[in-house]
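Analysis of the macromolecular model
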Amino acid sequence: MKRYKIGYTTGVFDLFHVGHLNILRKAKEQCDFLIVGVSTDELVEEYKAKRPVIPYEERKEIVAGMKYVDQVIPQHNRDKMAAWDFLLFNVMFVGDDWKGDPLFTALEKEFQQVGVDIIYFPYTKGVSSSLMKEKIKL
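All figures in this text were calculated on a predicted structure; none of them were measured in a lab.

The next thing to look at is the packing of aromatic side chains. Counted under the stated rule, the structure contains 5 aromatic pairs. Ring geometry for Phe13 and Phe16: centres 6.4 Å apart, planes at 25 degrees, overall stacked. Of the residues examined, Phe13 reaches a relative accessible area of 4% and is grouped as buried. Since its relative accessible area comes to 24%, Phe16 is described here as partly exposed. Considering the side-chain rings of Phe93 and Phe121, the 5.4 Å spacing of their centres and the 5 degrees angle between planes classify their relative orientation as stacked. Of this pair, Phe93 sits in strand S4 (residues 91-95) while Phe121 sits in strand S5 (residues 117-121); the two residues are 28 residues apart in sequence, bridging distant segments of the chain. One cation-aromatic arrangement involves Arg78 over Tyr47; the distance from NZ or CZ to the ring centre is 4.1 Å.

Written as structure tokens, this is what we have:
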């Protein structure tokens, strides 16, 4: 029996790499059903001021093809409480690079009121989509 019934995580998942795989695998180890929100191209453009290399529909298909993922949904905004209102997950999984960020500090308090845990997984050192993009430029 796993600790949580429904888990949730989100990401851009551009240039899918082992760090993405690690968070999905670790998340699925702790929940029966894993929902993954994949950021739309428009959302990424809005908060990162750049378009992903891989278009949303293709990133969605890549994530959906992972054996650890039970459902993929589009992430149209960064409002995690609105996602909870719709999905009613018990736990949210996040990379520890977000720990202490004002967005997640506030979210921890909001989630605590509705009985949702946030679990921070260690960031996979030395790998990221940004680093991959830099290597490709060489």
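Evaluated as defined, the whole model comprises 5 salt bridges. Asp41 is the partner of Arg51 in a salt bridge, and the nearest nitrogen-oxygen pair spans 3.6 Å. Of this pair, Arg51 sits in the loop between helix H2 (41-48) and helix H3 (56-64) while Asp41 sits in helix H2, placing them 10 residues apart in sequence. What makes Arg51 partly exposed here is its relative accessible area of 44%. Asp41 gets classed as buried once you look at its relative accessible area, which sits at 10%. Glu45 is the partner of Arg51 in a salt bridge, and the nearest nitrogen-oxygen pair spans 2.6 Å. By relative accessible area, Glu45 is classed as partly exposed at 36%.

Moving on to unusual backbone geometry. Despite not being glycine, Ala49 shows a phi value in the positive range, around 60 degrees. Structurally, Ala49 is set in the loop between H2 and H3. When its relative accessible area of 68% is taken as the criterion, Ala49 is described as exposed. For Leu88, which is not glycine, the phi dihedral falls at a positive 55 degrees. Along the chain, Leu88 falls in the loop between helix H4 (80-87) and S4.

Conventions we followed
Residues numbered from 1 in each chain as written. Predicted model: local features only at pLDDT ≥ 70, side-chain atom pairs only at ≥ 80, totals over all residues. Heavy atoms only, no water. Phe/Tyr/Trp six-rings, centres within 6.5 Å; stacked < 30°, edge-to-face > 60°. Buried < 20%, exposed > 50% of the residue type's maximum accessible area, 1.4 Å probe, protein only. Helix = DSSP H or I, 4+ residues; strand = E, 2+ residues; numbered from the N terminus. Lys NZ or Arg CZ within 6 Å of the ring centre and 35° of its normal. Salt bridge = Lys/Arg side-chain N within 4 Å of Asp/Glu carboxyl O.

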